[in-house]
Amino acid sequence: MGRLLVLLGIAIAALGVLVMLGVPFGRLPGDIMVRRGSFSFYFPLATSIVLSLLLTLILSLLRR
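Residues numbered from 1 in each chain as written. Predicted model: local features only at pLDDT ≥ 70, side-chain atom pairs only at ≥ 80, totals over all residues. Heavy atoms only, no water.

**Q** Summarise the layout of surface pockets; cite the residues concerned and give the values.
**A** Approximately 630 Å³ is the volume found for the largest pocket. Around the largest pocket, the lining is made up of 21 residues, and of these A11, L51, L54, L55 and I58 lie nearest the centre. Counting residues per element, the ones that place at least two in the lining of the largest pocket are α1 (2-21) and α2 (45-63). Residue contributions to the lining of the largest pocket peak at nine residues, all from α2. (1 Å grid on protein atoms, 1.4 Å probe; cavity = no way out; pocket = protein on both sides within 12 Å on 5 of 7 lines; lining within 4 Å. Points joined across faces, edges and corners; volume = space filled by probe spheres on them. Helix = DSSP H or I, 4+ residues; strand = E, 2+ residues; numbered from the N terminus.)

**Q** Give a description of α1 that names residues and reports values.
**A** Given a rise of 1.5 Å per residue, 20 residues ought to cover 28 Å, and the 29 Å separating the end C-alpha atoms of α1 matches this to within 8%. Count one or two residues on from α1 and you reach G22, which has phi positive near 100 degrees. (Expected span 1.5 Å × (residues − 1).)

**Q** With reference to specific residues and values, describe a nonpolar patch on the surface.
**A** Residues L15, V17, L18, V19, L21, V23 and F25 make up a contiguous nonpolar surface patch of about 620 Å² in total accessible area. With respect to the secondary-structure elements, V17 resides in helix α1. (Patch = residues over 30% accessible without salt bridge, like charges linked within 9 Å, V, L, I, M, F, W, Y side chains within 5 Å. Areas by Shrake-Rupley, 256 points an atom, 1.4 Å probe, with all protein chains shown as cover. Salt bridge = Lys/Arg side-chain N within 4 Å of Asp/Glu carboxyl O.)

**Q** Tell me about the side chain of D31, and please be specific about residues and values.
**A** You can see D31 is positioned in the loop between α1 and β1 (32-36). Polar contacts involving the side chain of D31 include one to the main-chain amide nitrogen of L28, which spans 3.0 Å. A distance of 2.9 Å separates a polar atom in the side chain of D31 from a polar atom in the side chain of T47. If we ignore the near neighbours within four places in the chain, the residues touching D31 are G26, Y42, F43, P44, L45, A46 and T47. (Polar contact = N/O pair within 3.5 Å; in protein donor to acceptor, adjacent residues only side chain to side chain. Contact = heavy atoms within 4.5 Å.)

Geometric values such as these leave the question of function open.
This is the structure we're talking about:
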């Protein structure tokens, strides 16, 4: 449990550093954005895929 908390803390800190450097999370190519008048719809398809791959990699490394 301690190892998981340390890795989670490192991941959150790394994400914070990337956001401070200007990496556009949530606005990747492949995300769907529709604006029509006062209606807007945003579906983060590419962001979801990247996040899923990263979580799968992290969790598979923790299983070992």
